Structures are given as structure tokens and as C-alpha cells.
Amino acid sequence: MRFPKTSRSLRQLSTHVLAIALGVVLAVSTLQVLPSQAEPAPTITALDTSNLIAQRQSPASAAIGTTSFVTAAVNRVGSAVVRIDTERTITRRVDPFMEDPFFRRFFGDGFSQQMPSEQLRGLGSGFIIDKSGLVLTNAHVVDKADKVTVRLKDGRTFEGKVQGIDEVTDLAVVKINAGNDLPVAPLGSSTNVQVGDWAIAVGNPLGFDNTVTLGIVSTLKRSSAQVGISDKRLDFIQTDAAINPGNSGGPLLNGLGEVIGINTAIRPDAMGIGFAIPIDKAKAIAAQLQRDGKVAHPYLGVQMLTLTPDLAKQNNTDPNSPIQIPEINGVFVMRVVPNSPAASAGIRRGDVILQVDGKAITSAEQLQNVVEDSRLGQVLQVKVQRGNQTQQLSVRTAELQNAS
């Protein structure tokens, strides 16, 4: 009876031994196979590595990279940006008291002639647009200057001669004689500029030469009336790139280093808001200034205000209002300049201009652009509403003699 138990125990022992033996064999075979399966990982080539990195880069890091696009843009145009120093001599106004004959008996007639003169100095920027030495800048930088000095980035200075000034668009062309191999700023197109594009301002703000600031295009077609410059006829590029006194006349660049505007105005009551003249407008004006020395601008001779039904209603409900205004869209004539084309045509204060040559007019800026695009001496058919009646008037444009 003990034999079966012993046999069963032997069978169990042999089973365990067999299992252990199989485990050892499998372990050894695994150790022999693993080295052949654990080949070194495939080597990633330099191209593959760059692809992986590019896939993981953020848009900001991809834009900046090791060399900033701003650096490339400035290197492309920087040598063509110039500093413009101006001098103007003025004589202080004589006190009317000095003109009194009784007083002059004691001091003599030569006293007023001895009044001291004063030197006014100005600073601005500009950029070379032709290898012959043509420099484009703002009119207010060189206007009424007795002496203009142009300083290149390499330190050379030249006397500048003002070839033409246009106050209406605040543009001027200055000529320097420095040979025929000057660096030229590449001119882009402002037509293709979009809100959000890069904007790089280059110039000499506050006398700090060769200064670069970066921002974006904040908005387009900001009218000079909205900016607060009523005597200009411009639609500005607005930017948040830092623009300070001394930047005037310098270029506003896009991300490729092409000039898209001319920095011209800042708002003293605002931070981080600057304005630039679109380069497409500047190209046309510069060509006329080189050829004729001036630009002829047609005008009507009215001071105007954009009229809306709400604005008219506010006026009409005011018991102190001196006039009732039609509650319509158009341009309200606030004043007619004496001896102007508008006065000759019979336009009156209080008229509302509705159409010009059959085209509806809904804003003062629109009317100004229509007149600016017309020819000198062109007859414009102007439809106005006067009270409850409409009239058709013929206005012949004339040349604007003084921007102010």
C-alpha cells in the first residue's frame, strides 16, 4: 500500500524538475536571441533631425530663429536711411511799442534793426530713393529751412538742396551730390499691406541715430481728419511701432525690408500710436516734385462735416440750434471760403452735399478724395439739399494755393 504513494511522489517531483529544466532552457535561448534583436536604433540623419525640430517649434520661435528677420530687413535698407539737420534764422518780432515815433526819438531809427536774430535747428530722417542722391522726407522737416545737411550712416555729410515741397501731403524731395553709387532703399507697395503685418520704423528719434523699433500695422486708411491734421489730404498707415520726434521722414518697413510708408506724425496725447504716409502715394508725389517742384491740388473751398441722421436729429432737438438740418446721410457744409469755386457755384452754408457726378457721398473723407482725384479746372456736378429742396450745381475746381 505504500508503493503507490511513493510512486505518486516521484511523479510529482519529476514534473517539477522537468518544469525547472524547461525554464532554464527557455531562459538560455532567450539570452541567445536578445542580442540579435537589440540592434542599435536607426541613426537619424541631420535632415531628419531638422524636420523633427521644425515640427516641434512654436510659430514665435520659428519666426525669430537664430537671426531675426528684423536684422535682415534693417541690413537691407539701413545704409540708405539718412539723418537730416536743418537750420533756420529768424528775427524776433519787434515790439509795437518800439515803433512809436515818440519812443524812437530817444533810441533812434536803428534800434529795431539791432534786434537779435535766433537760430532754429531741426532734426529729421529721410531715405535715398535714387543713386543720384534723391532723398525723400517730410515737408515739415525741411520747410522754410535756410540750410539742410544730410548725414549718411557711414558718417559722410552733404549739403542738401530742397527740390520740391508739398505741404498738403507733407512730402519733400532733397538732392545731395555724392556721386552716383549711393545705397537705395527698396520701395515696396502699400496696396498689399494688411492689418497685423510687421512694421519696422527706422530713423533718428530724439537725435539717437540709426534707431530701429518694431511693431505691427494697427489699421489702414486712417484719415488725416481723424488724426487731427485737417490741413492734410492723406489716409495714413497706423502702427504701434515706436515713433518719436526725429523719426519724421524715415521709412516704415515690412518684414522683407521694403519701404511701405514714411513716418510722419505722432499723437502727443497717445502712447504707442504713430502714422505713416503710404509709399504708393509718396511715389506719385515724389515724381511730380522732381519734375515740377510742386504738386497742384484741386479744391472746392468748403469746410465740411460728415452728416448722419442721428447727428442731424441731435441738432434739430436742441432748442438753441440756429439751423434745422435734414436728417439724412451726406456732407454738411459748415463754411464756404470766400472767392472759392464753391462760392462761385452758389454753394451755401447749411447745404448738404449728396452726390458728385452721380456718385453718392456719405462722408467728408470721401468727398475730399473725389476732389483730390479730379483734374484742375474740371467741372463737377454736385447735388445738394437745401432745406426741403435739392439742387444741382456745377463747380469748377481750382488750384489750392495754401494748405493752411
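What counts and how
Sequence order as written defines the numbering, with residues in each chain counted from 1. Local features in this predicted model are restricted to residues of pLDDT 70 or higher, and side-chain atom pairs are both shown and tallied only at a pLDDT of 80 or more, whereas totals for entire chains, interfaces and linings draw on every residue. For the side-chain quantities, the full set of heavy atoms in the structure was used; hydrogens and water were omitted. Strands here mean DSSP runs of E at least two residues long; helices mean DSSP runs of H or I at least four residues long; both are numbered from the N terminus. Working definition: with a 1.4 Å probe on protein chains only, accessible area under 20% of the residue-type maximum means buried, over 50% means exposed, and in between means partly exposed. We call two residues contacting when some pair of their heavy atoms lies within 4.5 Å. Only the protein chains shown count as cover for residues, and all accessible areas are computed by the Shrake-Rupley method using a 1.4 Å probe. Each residue carries a pLDDT value, the predictor's own confidence for that position, ranging from 0 to 100. Pairs of strands are assigned from DSSP output, requiring at least two bridges between the strands. Between the N-to-C directions of two axes lies an angle of 0 to 180 degrees, each axis being a line fitted to C-alpha atoms and, for a helix, fitted only over the stretch in contact. Within this scheme, the nonpolar core is defined by two criteria: the residues are buried Ala, Val, Leu, Ile, Met, Phe, Trp, Tyr or Cys, and they are joined through side-chain atoms within 4.5 Å. Exposure above 30% relative accessible area and no salt bridge define the residues that can form patches, which grow by joining like charges within 9 Å and nonpolar side chains of Val, Leu, Ile, Met, Phe, Trp and Tyr within 5 Å. Salt bridge criterion: a side-chain nitrogen from Lys or Arg within 4 Å of a carboxyl oxygen from Asp or Glu.

Q: Which parts of the structure should I look at to understand the overall build of the protein chain?
A: The helix and strand tally for the protein chain stands at 11 helices and 21 strands. Of all 404 residues assigned to the protein chain, the portion counted as buried reaches 37%. Long-range pairs, those at least 24 residues apart, make up 64% of the contacts in the protein chain with a sequence separation of at least 6. Total accessible area on the protein chain stands at roughly 23500 Å², and carbon and sulfur atoms take up 53% of it.

Q: Just checking my understanding: could you explain the confidence of the model for the protein chain for this structure?
A: Close reading of the predicted structure is inappropriate where its pLDDT is low. Summary statistics for the protein chain give a mean pLDDT of 82 and a share of 76% for residues scoring 70 or more. Within the model, the stretch residues 24-60 combines pLDDT values under 50 with 3 contacts to residues more than four positions away or in other chains.

Q: Looking at this structure, I do not really get the sheet that holds strand 7 (residues 171-175). What am I missing?
A: Strands pair in a sheet through their backbones, by hydrogen bonds, and they do so in one of two ways: parallel or antiparallel. Spatially, 5-4-1-2-3-7-6 is the arrangement adopted by the 7 strands of the open sheet, whose pairing is antiparallel. On the outer flanks of this sheet lie strand 5 (157-159) and strand 6 (161-166), each paired with one strand and no other. In this sheet, adjacent strand axes meet at a mean angle of 30° when their direction is disregarded. Relative to strand 7, strand 3 (residues 134-137) is paired through 4 bridges, and the arrangement is antiparallel. If you follow Leu 136 over to strand 7, its bridge partner there is Val 173. Each of strand 2 (117-130), strand 3, strand 6 and strand 7 is contacted by helix 8 (residues 279-292), which is oriented at about 55° to strand 7, the strand it contacts most.

Q: How do you make sense of the pairing of strand 10 (residues 235-239) when you look at a structure like this?
A: Within a regular beta strand, the side chains point alternately toward one face of the sheet and then the other, so they alternate between its two faces. Of all 5 residues in strand 10, 4 are buried, a share of seventy percent or more. Relative to strand 10, strand 9 (residues 211-223) runs antiparallel, the two sharing 4 bridges. Residue pairing across strands places Arg 222 opposite Phe 236, the latter belonging to strand 10. The sheet contact formed by strand 10 and strand 13 (residues 274-278) spans 3 bridges and is antiparallel. Its bridge partner being in strand 13, Gln 238 is matched across the sheet by Phe 275.

Q: What am I meant to see in the nonpolar core here?
A: Nonpolar side chains in soluble globular proteins generally cluster together in the buried interior. Residues Ile 84, Phe 127, Leu 136, Val 150, Ile 200 and Ile 262 are the most contacted members of the largest nonpolar core, which totals 46 residues. The residues touching Ile 262, leaving out its near neighbours within four places in the chain, are Phe 127, Leu 136, Asn 138, Leu 171, Gly 249, Gly 250, Phe 275, Ala 276, Ile 277, Ile 279 and Ala 282. Formed by 18 residues, the second largest nonpolar core is a distinct cluster that contains Val 336, Ile 347, Ile 361 and Val 382.

Q: Honestly, a nonpolar patch on the surface in this entry has me stumped. Any pointers?
A: Where nonpolar side chains cluster on the molecular surface, the patch consists of Trp 198, Leu 214 and Ile 216 and spans about 260 Å² of accessible area. With respect to the secondary-structure elements, Leu 214 resides in strand 9. For Leu 214, a relative accessible area of 41% translates into the label partly exposed.

Q: How should I be thinking about the sheet that holds strand 8 (residues 198-203) in this particular structure?
A: Read around the closed barrel, 6 strands run 8-9-10-13-12-11, paired in antiparallel fashion. On average, each strand axis in the sheet is inclined to that of its neighbour by 45°, with strand direction left out of account. As paired strands, strand 8 and strand 11 (residues 251-253) are joined by 2 bridges and run antiparallel to one another. Each residue of the ladder has a partner; that of Ile 200, found in strand 11, is Leu 253. Against the sheet, helix 4 (residues 69-77) contacts strand 8, strand 9, strand 11 and strand 12 (259-266), and its axis sits at roughly 45° relative to strand 8. Together, strand 12 and strand 13 form the strand contacts of helix 8, whose direction differs from that of strand 13 by roughly 50°.

Q: Looking at this structure, I do not really get the pattern of salt bridges. What am I missing?
A: It is possible for side chains of opposite charge to pair when their charged atoms get near one another. One pass over the structure, following the stated rule, counts 12 salt bridges. The partner of Asp 209 in a salt bridge is Arg 151, with the nearest N and O atoms 4.0 Å apart. With Asp 209 in the loop between strand 8 and strand 9 and Arg 151 in strand 4 (residues 147-151), the pair connects residues that are 58 residues apart, well separated along the chain. You can call Asp 209 partly exposed: its relative accessible area is 31%. Measuring nitrogen to oxygen at the nearest pair gives 2.6 Å for the salt bridge that ties Arg 233 to Glu 372. Highlighted residues: Arg 233 in the loop between helix 7 (224-227) and strand 10 and Glu 372 in helix 11 (residues 364-372), separated in sequence by 139 residues. For the pair formed by Arg 233 and Glu 372, the shared burial category is buried.

Q: Sorry, what's going on with unusual backbone geometry here?
A: Glycine aside, negative phi is the norm for most residues, and most peptide bonds take the trans geometry. Notably, Lys 144 is not glycine yet its phi reads approximately 65°, a positive angle. For Lys 144, the position within the fold is in the loop between helix 6 (139-142) and strand 4.

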